[in-house]
Amino acid sequence: MSQQTARNVSPAQAKPSRQAPALDVRPGLRWMLQNVVWFWLIGLAIIFGLLNGFFFSIANLQNILIQATVLGLLALAVSMPLLVAEIDLSIASNLGFSSVVGAMLVSDAHVPWWLGMLGGVMVGTLIGFFNGICITRLRMVSLIETLAMMIILQGALLAISHGKTITDMPDQYNWIGQVSVLGWPLMPVIFLAALIGGVVFLRLTTLGRSVYAVGGNAVAAASAGIRVNRIKILAFTMSGFLAAIAGYLLAAWQMAITSNQGNGFLLYAIAAPIIGGVSVFGGRGHVPGILGGVLLLTVIHVGLSIVNVPSFYVDMIGGLAIFVAVAIDAMRVRMSSPR
């Protein structure tokens, strides 16, 4: 460097900066927001356990697993359309309608119990497929189309059951909801199998990766050669299938089907995956997070009942959990977006 150039360099420029680089806290905060459901779950379990020792009893843990099974299958059903940036509001009504079809095939048409079960599951799957066709081929808005389907199925359930409770189902039909192995109910095994299947499908298959691609950016996915409409139809078909399985398990557990079967599940089934990290904007979410959201809401309901909190407060706290879930999801979106 020449003397003239050296004289033009300021002292601040000549000295190396001693200021430490700013610490980016975004990755750690993003990780906490993505896994906050597990912190909530552990904290609430400890609180309920301290308030009432029965919470950690074997009987109560079995009760939590059974209740989480139906809600968990519905949460998985909701997650499939959510991952492709759509929504299915008809899952709870699909649960009730498909289960009453299966039960009436057995009780009225006197078909074998397994054929009645398969018939109910097939009906629920076809309902999901029909939703997907309407949304992709007819360009209907999923929120409105599935809302209409929800109302139709609620009316159809009332019409078929004539407002009565169906209880004359054979023991074979109710077997899965009543049997235990080594003192533990068998129903949660179905939920576990569905979780494993969800992980394999979403993470290890081309179709599963296409689901994330379509939810993240449908235009870019189409440009990459992914058939967006087929992926959306697949997502809604899987949603209907899972809702129908949940309907059969709920009927087998209760050994009855009421005229309002499935009412009360919808909002919590939507909240559970959102709490667990599934984005309402599509393209983000994973099965372990869905499990965490399901367990959290189930623990809230069971725990509040054990500590004798009045039932009307339970609904209020459940609504608060949904509100917080949506707020956290909005924060996740902001954290993941570029500055």
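Summary of the structure given here.

Thresholds, definitions, all that
- Residues numbered from 1 in each chain as written.
- Predicted model: local features only at pLDDT ≥ 70, side-chain atom pairs only at ≥ 80, totals over all residues.
- Heavy atoms only, no water.
- Helix = DSSP H or I, 4+ residues; strand = E, 2+ residues; numbered from the N terminus.
- Buried < 20%, exposed > 50% of the residue type's maximum accessible area, 1.4 Å probe, protein only.
- 1 Å grid on protein atoms, 1.4 Å probe; cavity = no way out; pocket = protein on both sides within 12 Å on 5 of 7 lines; lining within 4 Å.
- Points joined across faces, edges and corners; volume = space filled by probe spheres on them.
- Nonpolar A, V, L, I, M, F, W, Y, C, P; charged D, E, K, R; others polar.
- Expected span 1.5 Å × (residues − 1).
- Arc of directions from axis to C-beta.
- Contact = heavy atoms within 4.5 Å.

Right, let's get into the environment of R230. Locating R230 in the fold gives a position in helix α13 (residues 228–254). On the accessibility criterion, R230 (52% relative accessible area) is exposed. Along the primary structure R230 and L207 are separated by 23 residues, whereas in three dimensions their C-alpha atoms are 10.0 Å apart.

Let us now look at empty space enclosed by the protein. In total, this model carries 1 cavity of 30 Å³ or more according to the counting rule given. In this structure, the largest cavity occupies an estimated 40 Å³ of space. As for the largest cavity, its lining consists of S98, S99, G102, G116, M117, G120, V121, Y173, A244 and Y248. Taken together, the elements giving at least two residues each to the lining of the largest cavity come down to α6 (91–107), α7 (113–136) and α13. Among the elements that line the lining of the largest cavity, the one with the most residues is α7, at 4 residues. Its residues placed into classes, the lining of the largest cavity shows 5 nonpolar, 5 polar and no charged.

If you check helix α8 (residues 142–161), its first and last C-alpha atoms are 28 Å apart, about what 20 residues at 1.5 Å a residue would give, namely 28 Å. Restricting attention to buried positions, one finds in α8 the residues S142, E145, T146, M149, M150, L153, L157 and S161. Considered in projection along α8, the buried side chains sweep an arc of 140° and stay on one side of the axis. Of the exposed residues in α8, the ones pointing more than 90 degrees away from its buried face are I144, I151, I152 and A159. On its buried face, α8 sits against α6, α7, α13 and α14 (266–275). Following α8 by one or two positions, H162 has its phi on the positive side, about 55°.

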